[in-house]
Amino acid sequence: MTSPTHDKASWLADAAPDELRRIVVALYRAHRLVSAITDLDVLLERILEESKQVAQAEACSLLLYDPDSEELYFQVALGESGDLQTLKREIRLKVGQGIAGAAAAARECVNVIDVGQDSRFYDFADQRSNFRTRNLLAVPLIDRDELVGVLEVVNKVGGAHFTGVDLHVMEMFSALTASALANARLIEKNLRAERLAALGQAVAGMSHHTKNILAGMTGSVDLIDQGLSQGNQEFLHQSWPVFKRCTERISNFVEDMLAYSKPRVPMRRPCDLNSVIQDACETFQGLLVVKKVGLTVDTSRLNRRPSLDERAIYRCVLNLLTNAADAVPREGGRIRISAYSASGNVVWLEVADNGSGVPEAIRESVFDPFFSTKGSDGTGLGLAVTRKIAEEHGGSIVVETAPEGGALFRMCLPCEHTTE
Ligand SMILES: Nc1ncnc2c1ncn2[C@@H]1O[C@H](COP(=O)(O)OP(=O)(O)OP(=O)(O)O)[C@@H](O)[C@H]1O
Ligand SMILES: [Mg+2]
């Protein structure tokens, strides 16, 4: 039996008060679906739950339409006990095939009072469960003339079959559901496009950065070659530090990418924070000397061996120090690193400089991945990695204005298991 074609409003006039109440409730539920949910998976499950309630059905399933293959495939099915069955994408129906296919082809509801008498009925879902289908109502989901899928409500609660009022209620419900589904799909598509665009930008930035470092390496290798073949010591002295610096930059870049790429649980161990800072400073000695930077390290108020991930904290110090070294002026640059213990088992790590500072407007953005003001000289991963490590330790990092006039990065690291 297909849906009657009489005037849309006339059936409403004939509806009994409790049926009118059902209609209002159904519309209210559908409205909540349309307005509140944009996550496609959540929406699909909610549609099934609501459809069961609205149609007073024992079970319900949703088939989505794949326009490329012109097939319907099962997305979700909700049984009587509320368990989701795993029919996902396994079973496909051509438009016109089965009862759902018939509803899709005719773009009209199909109300089957006794499936045993209908040759179009496939019992594949029944075969996989103890469920027995007696009657069902298949409703096409159509949004702006496009077929989105088919909703099937199965077995009217109480042993009867679905009525004309059920059919109209489901028609209204499905129209709103179809537009909610189409909206959620559109949002997902846009998000995917945005993610791909962001990924493309990130890859382009990283490739550019790598190319820059490689260019520096190639230049210094040429000079080293000439120095070796001509026995020219001056060429060797000039190019060797450049080459060394390039290998450091490449290895830092790779370490940052690895640190950023997946969540990590810190490998906490009692750590000698003073030596970690000294190690990071030594890596920088060459550059600091060249730039004539005055570096001071103060760990005098660090009265415990905090339990931290040494390798990860080394990365943070290195990143903060690199940024400070980049920021300080050519003449008279000053960098101050201090680490001190505070009450509540917290260690503070601070790096201050007398550079240009971080303007108020970008103080949050500097911690975003790939945010950099250094063009192809920076990937914008340094501070993102540093914040990630701080947060993985249960801590945080902020940037303020240093008493020296430049930037002051303050990293708070809770470390419960400290030893005196
Ligand atoms: N000490 C600082 N003084 C001034 N600006 C800073 C300082 N540290 C960071 N910044 C700003 O924050 C931005 C992001 O820093 P981040 O370390 O994440 O990336 P980057 O240094 O640009 O590149 P890289 O990935 O090579 O570290 C920098 O480009 C810079 O604009
Ligand atoms: Mg940096």
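Predicted, not measured: the structure shown is a model, and the values here were computed from it.

Cut-offs used in this document
Within each chain, residue numbers correspond to sequence positions counted from 1 in written order. Whichever chain is written first becomes A and whichever ligand is written first becomes 1, with later ones labelled in order. In keeping with the model being predicted, local features are shown solely for residues with a pLDDT of at least 70 and side-chain atom pairs are shown and tallied solely at 80 or more, while totals for entire chains, interfaces and linings include all residues. Side-chain calculation: all heavy atoms of the structure are included, whereas hydrogens and water are not. Secondary structure is summarised from DSSP: a helix means a run of H or I of at least four residues, a strand means a run of E of at least two, and numbering begins at the N terminus for each. Only heavy atoms matter for contacts: two residues are in contact if any of them lie within 4.5 Å across the pair. Two rings belonging to Phe, Tyr or Trp (six-membered ring only in the last case) form a pair when the distance between their centres is within 6.5 Å. Interplanar angles under 30 degrees mark stacking, angles over 60 mark edge-to-face geometry, and anything in between is tilted. The buried label goes to any residue with under 20% of its type's maximum accessible area, the exposed label to any with over 50%, and the partly exposed label to all in between, with areas taken from a 1.4 Å probe on protein chains only. Whether a charge sits over a ring depends on NZ of Lys or CZ of Arg being within 6 Å of the ring centre and within 35 degrees of the ring normal. Here the limits of each domain have been adopted from an automatic or database domain assignment. One heavy atom suffices: a residue is near a molecule or strand as soon as one of its heavy atoms comes within 4 Å of it. Contacts described as polar in this section are N or O atom pairs within 3.5 Å, which, within protein, must combine one atom able to donate a hydrogen with one able to accept it, while residues neighboring in sequence count only if both atoms come from side chains. Throughout, the Shrake-Rupley method with a 1.4 Å probe supplies accessible areas, and for residues the shown protein chains are the sole cover considered. Every definition here rests on a 1 Å grid over the protein atoms only: cavities are sets of points where a 1.4 Å probe fits but cannot get out, pockets are open sets enclosed by protein on both sides within 12 Å along at least five of seven lines, and lining residues have some atom within 4 Å of a point. Think of it this way: a molecule belongs to a cavity or pocket when more than half its atoms come within 2 Å of the grid points there. Residues were grouped as follows: Ala, Val, Leu, Ile, Met, Phe, Trp, Tyr, Cys and Pro as nonpolar; Asp, Glu, Lys and Arg as charged; and all remaining residues, including Gly, as polar.

### Section: the environment of Leu273
By secondary structure assignment, the location of Leu273 is in helix α8 (residues 273-290). In this structure the C-alpha to C-alpha distance between Leu273 and Arg304, which are 31 residues apart in sequence, comes to 9.3 Å. Discounting chain neighbours no more than four positions away, the residues touching Leu273 are Leu302, Pro306, Leu308, Ile313, Ala339 and Val347.

### A closer look at the packing of aromatic side chains
The final tally for this structure, using the stated rule, is two aromatic pairs. With a centroid separation of 5.7 Å and 15° between ring planes, the pair formed by Trp240 and Phe243 is classed as stacked. Of the two residues, Trp240 and Phe243 are both situated in helix α7 (residues 233-261); the distance of three residues between them amounts to about one turn of the helix. Taking the relative accessible area as the measure of exposure, Trp240 reaches 46% and is therefore partly exposed. Pairing Phe367 with Phe409 gives two aromatic rings, centres 6.2 Å apart and planes at 80°, and the pair type is edge-to-face. Of the two residues, Phe367 is situated in the loop between β12 (346-353) and α10 (382-392) and Phe409 in strand β14 (residues 407-414); the sequence distance between them amounts to 42 residues. Per residue, the accessibility class of Phe367 equals that of Phe409, and both read buried. We note Arg301 situated over the ring of Tyr340; from NZ or CZ to the ring centre the distance is 4.4 Å. Across the ring face of Phe367, the terminal group of Arg387 is positioned such that the distance to the ring centre comes to 4.1 Å.

### A short note on the domain arrangement of the protein chain
Structurally, the protein chain comprises domain 1 (10-191) and domain 2 (264-414). The C-alpha centroid of domain 2 is placed 57 Å from the C-alpha centroid of domain 1.

### Some details on the site of ligand 1
If you check the shell around ligand 1, you find 19 residues, and the closest are Ser372, Thr373, Lys374, Thr379 and Leu383. With respect to ligand 1, the side chain of Thr373 contributes an N or O atom lying 2.4 Å from an oxygen atom. One nitrogen or oxygen atom from the main chain of Leu381 is found 2.9 Å from an oxygen atom belonging to ligand 1. Contact with the protein chains removes 91% of the 600 Å² of surface that ligand 1 exposes when unbound. Judged by its atoms lying within 2 Å of the grid points, ligand 1 is housed in the largest pocket. Element by element, the count of residues in the shell around ligand 1 is highest for helix α9 (residues 310-327), at three residues. A breakdown of the residues in the shell around ligand 1 according to their chemical character gives nine nonpolar, eight polar and two charged.

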